[in-house]
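Observations on the three-dimensional arrangement
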Amino acid sequence: MRYPAYILFYLLSLLTFMQQVTAAVLPDERADVMLHSYEGGELTVSGPAVLLRKNIGTSTSVFYNTYTDNITSASIDVQISGSPYEEARTEQTLGVDYLTGKTTLSFSYTDSTENDYEASTITVGLSQDFFGDLSTLTMGFSQGNDTISARTGNDPLEFEARSSIVRSNYRVGFTQILTKNATLGFGFETITDEGTSAPGQSTTLNNPYRQYSFRLSGSPDIRSYAFELYPNTRTSNALSLRGNYFLPWKGAIHYEYRTFQDSWGIRANNIGLTYVQPISHFVFELRYRVYSQTQADFYRDLFDFEGQFTFMARDKELSTYSSTAVGFGISYEFAKNGWGWIDKGSLNFSYDLISFEYDNFRDATENVGGVPAGTESFYAFDADVMQAFISIWY
Amino acid sequence: MKRLPLLILVTTFVLSGCSSWEPWVKPYERENLSDPIMNVGRDPVVASYHHHVFETRESARGAGSVSGGGCGCN
């Protein structure tokens, strides 16, 4: 047996031997209807989302989720290398969880559709409680297949295939009850992307509309643009630590740290802290999150000349930057003692302010106004993120 | 490396004894832990939305509390 086969044998052995008396539980039967809104950097994304979950018998839970993004964009990306646009993306997921003893097996299929991007993902997962239910081991695998296309010319309804991407996610997690009031968990996930260009195209994992910037030959203070060139593979690893603590006055603290690195040279870290406080029929939540990353090896705000390197990108998402998110949530619980077929319900509102500050992505629109290339101010923007939703348990 | 199969078997059988093992936090002591406020992702529709908002704008991905995939967000 090779080494991975030992690991598989080991995990199967654990599952076989650790079937115990007390059973885990299925997720709650509930329905959620949400309206969401993101507004920042002259990009607006809003739409509805619905999540329905229902048990079949005592060991099976099925769910259906539909989610829509209605996008209106005049962001700095399209101001520089494109034109303002409107489009919609609809995502649908159908899934099932099957509970047997202390093991929960999960399967889901997700389909995402927009006019120039199709994505489908299959996810399988396993969760196992053991050590007297003090510990939970989770494992999961996802396989995604994306098809990227782009508009041809000025016709808004005509598209051509640019590339296809195969995504594979492998994840494992472990959660431990530490005390009567505290839990601690670890998560690790490896993701690989492999892009294949359509015949005659150069798009791989990149957005086919995005362009990099270089100094115009003979006029170095003026930016010129050409379509980006990405590697066709990417592999990333992320390791997270998260904990929950129940406060003596019936409140809760949640904290999270994640570190990330990938084969493009990007390193990232984020920390998050959430405080939850129920008061009578209300539940209040305060959130704080800080994120920072370093740039990809092939990112530059301004290249010296066209075709300087094999791979070239100017996506602000690949630059060195940091963001801070501060938010709150309010929930009002109604029918706490049941009402007809409803067990309980809640009305909810959530708001986050996210501030993005880029360290080496400049506001190239200033170059159009006469500011020499490479001396424009660094880009920054704030985003308002809101959700309003109603939840019903039955 | 040659000892790995033996190590795995021993560990497995040691762990398999867990069914008679006494947890240090008894089931009746887990009232606080089972309170919904102890689940940061207690509203899945919000958890997956926040995951989507951050993942479309950050290079970092994975090891979150929500499984990703299929967002079409390049």
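Since the model is a prediction, treat every value here as computed from it, not as a measurement. (Residues numbered from 1 in each chain as written. Chains lettered and ligands numbered in written order. Predicted model: local features only at pLDDT ≥ 70, side-chain atom pairs only at ≥ 80, totals over all residues.)

Focus on the overall build of chain A
- Tallying secondary structure elements over chain A gives three helices and 18 strands in all.
- Counting only residues that meet the buried cut, chain A has 32% of its 394 residues in that class. (Helix = DSSP H or I, 4+ residues; strand = E, 2+ residues; numbered from the N terminus. Buried ≥ 20, exposed ≤ 12 C-beta atoms within 10 Å, placed from the backbone.)

Structural notes on the overall build of chain B
- For chain B, the count of helices and strands is two helices and zero strands.
- Each of the 74 residues in chain B was classed as buried or not, and the buried ones make up 34%.

Side note on the environment of Trp249(A)
- Along the chain, the position of Trp249(A) falls in the loop between strand E12 (233-247) and strand E13 (251-262).
- Distance in space between the C-alpha atoms of Trp249(A) and Pro278(A) is 9.7 Å, their sequence separation being 29 residues.

Section: the nonpolar core
Residues and elements named next belong to chain A.
- With 21 residues, the main nonpolar core has Ala 268, Ala 296 and Ala 313 as its most contacted residues.
- At the level of secondary structure, the elements contributing two or more residues to this core comprise strand E6 (117-130) and strand E10 (211-216).
- What Ala 313 contacts, discounting residues up to four positions off in sequence, is Asn 206, Tyr 212, Glu 228, Tyr 230, Ala 296, Phe 298, Tyr 299 and Leu 318.
- Residues Val 45, Ile 354, Tyr 379 and Val 385 belong to the second largest nonpolar core, which totals ten residues. (Core = buried A, V, L, I, M, F, W, Y, C linked by C-beta atoms within 7 Å. Contact = placed C-beta atoms within 7 Å.)

Some details on helix H2 (residues 44-55) of chain B
- With twelve residues, H2(B) extends 16 Å between its outermost C-alpha atoms, agreeing within 8% with the 16 Å of an ideal straight helix rising 1.5 Å per residue.
- Of the positions making up H2(B), those classed as buried are Pro44(B), Val45(B), Val46(B), Ser48(B), Tyr49(B), His50(B), His52(B) and Phe54(B).
- Contacts from the buried residues of H2(B) go to strand E1 (30-40), strand E2 (43-56), strand E17 (344-362) and strand E18 (378-393) of chain A. (Expected span 1.5 Å × (residues − 1).)

Observations regarding the pairing of E18(A)
Residues and elements named next belong to chain A.
- Pairing of E1 with E18 involves eleven bridges; the strand directions are antiparallel. Residue pairing for E18: Gly 40 is matched across the bridge by Ala 383.
- Where E17 meets E18, 15 bridges bridge the pair, whose relative direction is antiparallel. Following the sheet pairing, Leu 353 is matched in E18 by Asp 384. (Pairing = 2+ DSSP bridges.)

Re the pairing of strand E15 (residues 282-293) of chain A
Residue and element names in this part refer to chain A.
- Across twelve bridges, strand E14 (residues 267-279) lies against E15 in antiparallel orientation. The partner of Asn 269 across the bridge, within E15, is Ser 292.
- Counted along the chain from E14 to the antiparallel partner E15, the turn is two residues long, and its residue Ser 280 has a positive phi close to 55 degrees.

Brief notes about unusual backbone geometry
- Here the phi dihedral of Phe131(A) falls at roughly 50 degrees; this positive angle occurs in a residue that is not glycine.
- Inspection of the secondary structure puts Phe131(A) in the loop between E6 and strand E7 (135-151).

Some remarks on the environment of Thr104(A)
Residue and element names in this part refer to chain A.
- For Thr 104, the location among the structural elements is in strand E5 (residues 103-114).
- Of the residues examined, Thr 104 has 23 C-beta atoms within 10 Å and is grouped as buried.
- In this view, Thr 104 contacts Ala 24, Asp 97, Leu 99 and Ser 127; residues no more than four positions away in its chain are not counted.

Overview of the confidence of the model for chain A
- Mean pLDDT for chain A: 92, with 94% of residues reaching 70 or above.
- Segment residues 7-23 of chain A is flagged for pLDDT under 50; beyond a separation of four residues in sequence, or across chains, it makes 25 contacts in the model. (pLDDT = per-residue confidence, 0-100.)

Re the confidence of the model for chain B
All names here are of chain B.
- Averaged over all residues, the pLDDT of chain B equals 77, while 59% of them reach at least 70.
- With pLDDT under 50 throughout, residues 68-74 is counted as low confidence; its partners more than four residues away or in other chains account for 37 contacts.
- Of the two predicted TM-score estimates for the complex, the pTM is 0.89 and the ipTM is 0.91.

Some remarks on the environment of Gly370(A)
- Residue placement: Gly370(A) occurs in the loop between helix H3 (365-368) and E18.
- Since 8 C-beta atoms lie within 10 Å of it, Gly370(A) is described here as exposed.

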